[in-house]
Amino acid sequence: MFRRSKSETDTTVPAEPQGKAGGKGRPTPSRRDAEAARKAAFKKPRNRKEASAIRREKVRTERGKMQSAMQTGDDRYLPAADKGPVRRFARDYVDARYSVMEFALPILLVVSLVGVVFSPQFPWLAGMVNLLFLAMILLIAADWFLLTAGLKKSVGVKFPKESTKGLGFYAVRRTMQMRRWRLPKPMVKRGEKPS
């Protein structure tokens, strides 16, 4: 009495479930495949030759990532000495200013060369060379002091909870290099305010 006849039954085929929006976009691997992939990742090399080849390849890829990070400033792959926002700020602080230390080595080299070559003909030149050396040393010391004091003050304002241990020497070491040879590459122009 209340039964449906065969003609009234629903003949539509249910639609296959569609992947939900934001899904992973690929089927879930079977357990056997997943375990095989996991074991392959942990597979030990059979001999020392394979182990050293794997280690060399790993070192090569890490070095490549580090070299590209030195050019782009990507913090993820920089060496530990250059990582972090405080070190990035210190690099920007150094790169944004002119420094006596940056030009000290070329100037001292020229002065000493002039002293060695021309002092036999001009005896008074030896005294001038010594005076120039002394003046350069005093200028370097003053620049060193101003750089480290200004950097630590700026870091204290921008990063109040961060330690400034070793930051002054890091900045001085960077300052002693010519700007075009610095690594990681400078990311700010001279006179630009470090961010």
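The structure displayed is predicted, hence computed values, not measured ones.

(A) Seen up close, the environment of Leu 132. Mapped onto the secondary structure, Leu 132 falls in helix H5 (residues 124-158). Taking relative accessible area as the criterion, Leu 132 reaches 42% and is therefore assigned partly exposed.

(B) Layout of unusual backbone geometry. The linkage connecting Leu 183 with the following residue, Pro 184, adopts the cis geometry, with an omega of -10°. Tracing the backbone through its elements, the reader meets Pro 184 in the segment after helix H6 (167-175).

(C) Spatial organisation of the confidence of the model for the protein chain. With 88% of its residues at a pLDDT of at least 70, the protein chain reaches an overall mean of 84. The least confident element of the protein chain, judged by mean pLDDT, is helix H1 (residues 31-41) at 83; the most confident is helix H3 (residues 85-95) at 94.

(D) Spatial organisation of the packing of H3 against H6. Running from N to C, H3 and H6 point in directions that differ by 40°, and their axes come no closer than 10 Å. Between H3 and H6, the crossing angle belongs to the class labelled oblique. In the packing of H3 onto H6, the handedness of the crossing is right-handed. Along the contact surface, H3 presents Val 86, Arg 87, Ala 90, Arg 91, Val 94 and Asp 95, while H6 presents Leu 167, Tyr 170, Ala 171, Arg 174 and Thr 175. Residue classes in the contact of H3 with H6 are distributed as six nonpolar, one polar and four charged.

(E) Examining the nonpolar core more closely. Core analysis: the biggest nonpolar cluster contains 18 residues, and Leu 147, Leu 151, Val 155 and Leu 167 have the highest contact counts within it. At the level of elements, H3, helix H4 (100-118), H5 and H6 are the ones that each hand at least two residues to this core. Those residues within four positions of Val 155 in sequence are excluded, and the remaining contacts are Val 86, Phe 89, Pro 160, Thr 164 and Leu 167.

(F) Looking closely at the environment of Thr 175. Relative to the helices and strands, Thr 175 resides in helix H6. Between the alpha carbons of Thr 175 and Glu 102 there is a distance of 5.5 Å; along the sequence they are 73 residues apart. If near-sequence neighbours (up to four positions away) are discounted, Thr 175 is found in contact with Val 94, Ser 99, Met 101, Glu 102, Leu 147 and Arg 182.

(G) Local environment of the packing of aromatic side chains. A full pass over the atoms with the stated rule returns three aromatic pairs. Plain terms: the ring middles of Phe 89 and Phe 159 are 6.0 Å apart, the flat faces sit at 75° to each other, and that makes the pair edge-to-face. Note that Phe 89 is positioned in helix H3 and Phe 159 in the loop between H5 and H6, a separation of 70 residues in sequence. Given the relative accessible area of 5%, Phe 89 is considered buried.

(H) Here's a closer look at a nonpolar patch on the surface. A cluster of nonpolar side chains, namely Val 110, Leu 113, Val 114, Val 116, Val 117, Phe 118, Phe 122, Trp 124, Met 128, Leu 131, Leu 134 and Leu 138, defines an oily patch on the protein surface of about 1200 Å² accessible area. The set of elements that each furnish at least two residues to the nonpolar patch consists of H4 and H5. With six residues, H4 is the largest single contributor of residues to the nonpolar patch. Topologically, Val 110 is positioned in helix H4.

About the cut-offs
Each chain has its residues counted from 1, running along the sequence as written. Residue-level local features of this predicted model are given only where pLDDT is at least 70; pairs of side-chain atoms are given and counted only at 80 or more, and the full residue set underlies all totals for whole chains, interfaces and linings. Side-chain descriptors were evaluated using all non-hydrogen atoms of the structure, hydrogens and water having been removed beforehand. Here a helix means four or more residues in a row that DSSP labels H or I, a strand means two or more in a row labelled E, and each is numbered from the N terminus. Here's how the labels work: a residue is buried when its accessible area is under 20% of the maximum for its type, exposed when over 50%, partly exposed in between, all with a 1.4 Å probe on protein chains only. One confidence number per residue, pLDDT, is output by the predictor and ranges from 0 to 100. To get an axis, a line is fitted to the C-alpha atoms, and for a helix only the part in contact is used. The angle between two axes follows their N-to-C directions and goes from 0 to 180 degrees. Roughly parallel refers to an angle under 35 degrees, roughly antiparallel to one over 145, roughly perpendicular to one between 65 and 115, and oblique to any angle outside these ranges. Left-handed is the label given to a crossing in which the near helix is rotated counterclockwise from the far helix by less than a right angle, and right-handed is the label when the rotation is clockwise. By the convention used here, residues are in contact when the closest approach between their heavy atoms is within 4.5 Å. Here the term charged refers only to Asp, Glu, Lys and Arg, the term nonpolar to Ala, Val, Leu, Ile, Met, Phe, Trp, Tyr, Cys and Pro, and the term polar to all other amino acids, Gly among them. Grouping buried Ala, Val, Leu, Ile, Met, Phe, Trp, Tyr and Cys residues that are joined through side-chain atoms within 4.5 Å yields what is termed a nonpolar core. Ring pairs are drawn from Phe, Tyr and Trp, using the six-membered ring of Trp, whenever the two centres fall within 6.5 Å, and their geometry is named by plane angle: stacked under 30 degrees, edge-to-face over 60, tilted for the rest. Only residues whose relative accessible area exceeds 30% and that take part in no salt bridge are eligible for patches, with like-charged residues grouped when within 9 Å of each other and nonpolar side chains (Val, Leu, Ile, Met, Phe, Trp, Tyr) grouped when within 5 Å. Only the protein chains shown count as cover for residues, and all accessible areas are computed by the Shrake-Rupley method using a 1.4 Å probe. Each reported salt bridge corresponds to a side-chain nitrogen of Lys or Arg within 4 Å of a carboxyl oxygen of Asp or Glu.

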